[in-house]
Amino acid sequence: MKRVDDFRLQLGRHELVPIVIGGMGVDISTAELALEAARLGGIGHISDAMLPTVSDRRYHTRYVKDKLKQYKFNVANNDKSIVRFDLGLLAEATEHHVRKVMEAKRGPGLVFLNCMEKLTMNAPKETLRVRLNSALSAGIDGITLAAGLHLSSFALMEEHPRFRDAKLGIIVSSLRALQLFLKKSAKTRRLPDYVVVEGPLAGGHLGFGMDWAKYDLAVIVAEIRAWLQQEGLAIPLIPAGGIFTGGDAVTFLENGAAAVQVATRFTVTKECGLPDHVKQEYFKCERDDIEVNTISPTGYPMRMLKKSPGIGSGIRPNCEAYGYLLDAQGNCAYIEAYNREVARHPDAKKIQVWDKTCLCTHMRNFDIWTCGATAYRLKDTSRRLPDGSYQLLSAEHVFRDYQFSVGDTIALPPTD
Ligand SMILES: Cc1cc2nc3c(=O)[nH]c(=O)nc-3n(C[C@H](O)[C@H](O)[C@H](O)COP(=O)(O)O)c2cc1C
């Protein structure tokens with residue numbers, strides 16, 4: 001029986017262990033987690049979601065405080081179109097964080113940035129251009145274009161001196177999305193270096209509608225693979241979503257995948273950015289505790305634990321401090337939902353909003369517990385301690401379990 005370690009991912013001159021730890025915003029896939037993947041010879045992702053906010057927590061900068069101070073006069077105003085990100089500061093925060101991570105990188109693997117298009121930041125094109133180019137300037141090994149079609153993202157980076165040397169890939173959930181991306185990017189005369197094919201069992205936002213359960217990752221990968229072959233395009237494919245064991249990964253690798261992208265199993269590692277009490281919720285959860293809902297203002301369905309404190313919370317929109325999901329006109333679906341509830345309950349001290357959530361604030365505070373469909377199996381990957389909690393894992397342990405396990409076996413961690 002084969003193991004993941006019998007395969008290698010060839011990306012340009014790099015020969016890698018074919019395990020990619022997917023990006024998990026907001027700072028759930030931390031620098032520490034991504035650096036472990038690189039040290040062990042695979043690929044790790046940091047995320048650029050809400051980076052100024054993350055920078056404040058990590059490096060004691062003051063981006064959020066200063067922005068709130070600048071726009072404080074607007075807090076009670078429903079119109080948020082005036083709340084803008086300073087592009088110079090956005091570049092500074094991105095470059096600083098990426099540079100710090102790249103300086104700390106050891107080992108033969110790579111660190112990529114997960115860059116979500118849906119983070120529209122009240123000026124979608126301008127802010128995306130800054131985020132992409134700043135990461136390239138700061139030496140990121142590669143960028144994975146996520147959560148969106150990214151029809152102009154290659155063009156936004158085209159002038160950068162590293163545009164043809166950095167590894168650039170995209171996440172798609174259908175052949176059609178890939179075809180559209182390739183068509184729109186054709187004039188840059190550059191193909192993606194890899195394509196992550198994300199199926200319906202993944203964590204975070206889904207590239208499907210609420211009929212996600214009708215789709216199957218293996219079928220989508222096969223369809224994309226056949227089309228690429230027909231077109232004579234040799235682009236490595238990296239399936240993602242629901243790949244829980246080394247055996248699951250081997251099945252995809254034997255069917256022509258170049259690597260696999262995984263995330264949920266790493267949410268319960270010490271290096272993952274979730275607070276420890278949230279990691280315990282992931283360990284404890286049962287299949288019925290997980291749902292796909294439409295509360296994300298991005299318009300994409302999202303998978304999460306039903307217990308997430310951010311569900312139903314009716315906090316005042318916090319766009320003056322954050323505002324990462326404001327569209328080009330300064331709108332966010334949460335603001336609409338919140339205002340509707342305030343109008344319905346004018347005398348209420350505390351209101352509840354069930355159809356949308358203030359994703360910026362709640363992701364920042366780790367109150368939306370997004371996870372893959374397999375999260376209920378995490379309890380089988382660790383040991384129960386005498387106090388009833390589960391032993392946290394090391395990223396190295398999980399990575400090596402994927403790399404070296406045979407079949408569907410899962411190695412338990414050595415006792416702490
Ligand atoms: C907690 C969590 C947060 C995630 N956040 C993001 C994100 O910010 N951007 C993104 O492109 N994918 C995100 N994902 C998806 C993962 O990168 C990955 O592709 C997917 O979850 C792999 O499936 P698995 O979790 O079943 O292994 C997230 C997944 C999890 C579990």
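Our subject is the structure that appears above.
Source: prediction; values computed, not measured.

In this section: helix H5 (residues 124–137). If you check H5, its first and last C-alpha atoms are 20 Å apart, about what 14 residues at 1.5 Å a residue would give, namely 20 Å. Buried within H5 we find Leu128, Arg129, Val130, Arg131, Leu132, Ser134, Ala135 and Leu136. At the exit of H5 stands glycine 139, carrying a positive phi of roughly 90 degrees.

Right, let's talk about unusual backbone geometry for a bit. A cis amide bond, omega -5 degrees, links glycine 25 with the succeeding residue valine 26. By the element assignment, valine 26 lies in the loop between strand S3 (19–21) and helix H1 (31–39). The backbone of methionine 121 sits at a positive phi, close to 50 degrees, despite the residue not being glycine. Along the chain, methionine 121 turns up in the loop between strand S5 (110–116) and H5. Although it is not a glycine, asparagine 122 adopts a positive phi angle of roughly 65 degrees. Tracing the backbone through its elements, the reader meets asparagine 122 in the loop between S5 and H5.

Among the secondary structure elements, alanine 337 is positioned in helix H11 (residues 333–344). In the structure, alanine 337 is positioned 178 residues away from glutamate 159 in sequence and 40 Å away in space, judged by C-alpha atoms. Once you skip the residues sitting within four places of it in the chain, alanine 337 turns out to touch Val353, Asp355 and Lys356.

As a matter of local geometry, the ligand sits amid 30 residues, with Gly22, Ala146, Gly203, Gly204 and Gly372 nearest to it. Within the residue set of the shell around the ligand, elements represented by two or more residues are S5 and strand S11 (260–262). Classifying every residue of the shell around the ligand by side-chain character gives 14 nonpolar, 15 polar and one charged.

What follows concerns the environment of isoleucine 243. Tracing the chain through its elements places isoleucine 243 in the loop between strand S10 (237–240) and helix H9 (246–254). With 28 C-beta atoms counted inside 10 Å, the residue isoleucine 243 sits in the buried group. When sequence neighbours within four positions are dropped, the list of residues in contact with isoleucine 243 reads Asp248, Ala249, Phe252, Val260 and Val262.

What follows deals with the pairing of strand S13 (residues 302–305). Covered by surrounding structure in S13 are Met302 and Met304 together with Arg303 and Leu305, the residues of both alternating faces. Taken together, the two bridges between strand S9 (residues 204–205) and S13 define a ladder with antiparallel strand orientation. Bridge assignment links glycine 204 to a residue of S13, and that residue is arginine 303. Where strand S12 (residues 290–293) and S13 come together, four bridges link them in antiparallel fashion. Among the inter-strand pairings, valine 292 is bridged to a residue of S13, identified as arginine 303.

Conventions we followed
- Note on numbering: residues in each chain are counted from 1, in written sequence order.
- Local features in this predicted model are restricted to residues of pLDDT 70 or higher, and side-chain atom pairs are both shown and tallied only at a pLDDT of 80 or more, whereas totals for entire chains, interfaces and linings draw on every residue.
- Under the scheme used here, helices are H or I runs from DSSP no shorter than 4 residues and strands are E runs no shorter than 2 residues, and both carry numbers assigned from the N terminus.
- What a helix should span is 1.5 Å times the count of its residues minus one.
- Whether a residue is buried, exposed or partly exposed follows from its count of other C-beta atoms within 10 Å of its own C-beta, namely 20 or more, 12 or fewer, or something in between, respectively; the C-beta atoms are built from the backbone.
- Any two residues are considered in contact once their C-beta atoms, placed from the backbone, lie within 7 Å.
- Here is the check we use: build the C-beta atom from the backbone, and if it is within 6 Å of the molecule or strand, call the residue near.
- In this count, Pro and Cys sit with the nonpolar residues alongside Ala, Val, Leu, Ile, Met, Phe, Trp and Tyr, while Asp, Glu, Lys and Arg are called charged and the others, Gly among them, polar.
- Following DSSP output, two strands are said to pair if at least two bridges run between them.

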